[in-house]
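Structure assessment
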Amino acid sequence: MKNWSDDNPKASLMKRKRAAIVDAALQEFLDSGYAQASMDRIASAAGVSVKTVYRHFENKDDLFSTVMKAACSVNGLEELDGLDEQPEDPATEPDKPWLSLPPEQALPLAGIELLQHVFSKDQLSLYRVVTQDAHRFPELGQRYREQVTEGIIEHCIRYLERWADTEKWKIASKRNAAFVFSALLRANLFEEVLLGLRIPDENEIKAQADTAAKNMLILLKAGAL
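Below is a short write-up of the structure. (Residues numbered from 1 in each chain as written. Predicted model: local features only at pLDDT ≥ 70, side-chain atom pairs only at ≥ 80, totals over all residues. Heavy atoms only, no water.)

Considering the nonpolar core
In a soluble, globular protein the nonpolar side chains are often hidden away together inside. If you look at the biggest cluster of nonpolar residues, it comprises 36 residues, and the most contacted ones within it are Phe119, Tyr159, Trp169, Ile171, Phe181 and Leu220. Elements with a minimum of two residues in this core: helix 5 (103-118), helix 7 (138-167), helix 8 (174-186), helix 9 (190-194) and helix 10 (202-221). For this core, the leading source of residues is helix 7, giving eight residues. Discounting residues that sit within four places of it in the chain, Phe119 has contacts with Leu124, Leu189, Phe190, Val193, Pro200 and Ile205. Listed in part, the 26 residues of the second largest apolar core include Ala43, Ala46, Val53 and Val67. (Core = buried A, V, L, I, M, F, W, Y, C linked by side-chain atoms within 4.5 Å. Buried < 20%, exposed > 50% of the residue type's maximum accessible area, 1.4 Å probe, protein only. Helix = DSSP H or I, 4+ residues; strand = E, 2+ residues; numbered from the N terminus. Contact = heavy atoms within 4.5 Å.)

Below you can see the structure in the form of structure tokens.
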């Protein structure tokens, strides 16, 4: 698709069309699942032609990837017109505030941030769509891993790399350690939330993050990771 300069009136129109397509696609994926989602229905809901949809997105997989990217952005799916055509470079993302804090402060804050994200309505809905159809479309699970899981894990790895020497942590695999922290945060709570059995409030999320952080520190100090 042709790229327009930012000051070209057509650039703004193309961004609005792209945002409308992603917004319509989100609802279609949530309503129908990935397998049954229709590009025709997405185009109709977005008020564009199917040809226009394929000008912006190569295929359904590419479109779903962009929906996940939108859900993972700072403002979730509320500012879709800010999406551009090229994926963001993770190296250009601003540091998380907690990356510069000592472990006793940083890990609980990181945990709260991760849990709030994972338990958001958009993320839970997309996770259900992925798990529903991933067995039939392996690339769907791979896309989810790349767009969602890896971003979370990379931030944890960056923290461990930054503080391991200072704290004298002996970590065999920082990547595995990051997954352990993620698992500790979700333990006993994620399944209940996913199944709709409970909706944790801010106090529950904080308590869960605090417990996970304490257990993570015990493992780190013991050299068990």
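Structural notes on the environment of Ala172
Inspection of the secondary structure assignment puts Ala172 in the loop between helix 7 and helix 8. Considered as a pair, Ala172 and Ala224 are 52 residues apart in the sequence and their alpha carbons are 8.4 Å apart.

Side note on unusual backbone geometry
Phi at Lys168 takes a positive value of approximately 60°, unusual for a residue other than glycine. Turning to its location among the elements, Lys168 is positioned in the loop between helix 7 and helix 8. Its identity is not glycine, yet Asn188 carries a phi of approximately 65°, on the positive side. Structurally, Asn188 can be placed in the loop between helix 8 and helix 9.

Structural notes on the packing of helix 8 against helix 10
Contact geometry for helix 8 and helix 10: axes closest at 8 Å, N-to-C directions at 145°. Regarding helix 8 and helix 10, the two cross each other, and that crossing is right-handed. Across from Ala177, Val180, Phe181, Leu184, Leu185 and Arg186 in helix 8, the residues of helix 10 making contact are Gln208, Ala209, Ala212, Ala213, Asn215, Met216 and Leu219. A per-class count over the contact of helix 8 with helix 10 returns ten nonpolar, two polar and one charged. (Axes fitted to C-alpha atoms, helices over the stretch in contact; angles between N-to-C directions. Left-handed = near helix turned anticlockwise from the far one by under 90°. Nonpolar A, V, L, I, M, F, W, Y, C, P; charged D, E, K, R; others polar.)

A word on the packing of helix 5 against helix 8
Taken N-terminus to C-terminus, the directions of helix 5 and helix 8 make an angle of 65°; their axes are 10 Å apart at the nearest point. Taken together, helix 5 and helix 8 sit at an angle that is classed as roughly perpendicular. As helix 5 packs across helix 8, the resulting crossing turns out to be right-handed. Across the interface between the two elements, Leu107, Ala110, Gly111, Leu114, Leu115 and Val118 of helix 5 pack against Phe181, Leu185 and Arg186 of helix 8. (Parallel < 35°, antiparallel > 145°, perpendicular 65-115°, else oblique.)

Comments concerning the packing of aromatic side chains
With the rule as written, the count across this model stands at nine aromatic pairs. Ring centres 5.1 Å apart and planes at 70° place the aromatic pair Tyr34 and Phe137 in the edge-to-face group. Here Tyr34, found in helix 1 (residues 9-36), pairs with Phe137, found in the loop between helix 6 (121-133) and helix 7; they are 103 residues apart in sequence, far enough to count as distant. Looking at Tyr34, the relative accessible area reads 4%, which means it is buried. Ring pairs connect the aromatic residues Phe29, Tyr34, Phe64 and Phe137, which therefore count as one cluster. Over the ring of Tyr34 we find Lys60; its NZ or CZ atom is 5.2 Å from the centre of that ring. (Phe/Tyr/Trp six-rings, centres within 6.5 Å; stacked < 30°, edge-to-face > 60°. Lys NZ or Arg CZ within 6 Å of the ring centre and 35° of its normal.)

Bear in mind that shape data such as this cannot, by itself, settle questions of function.
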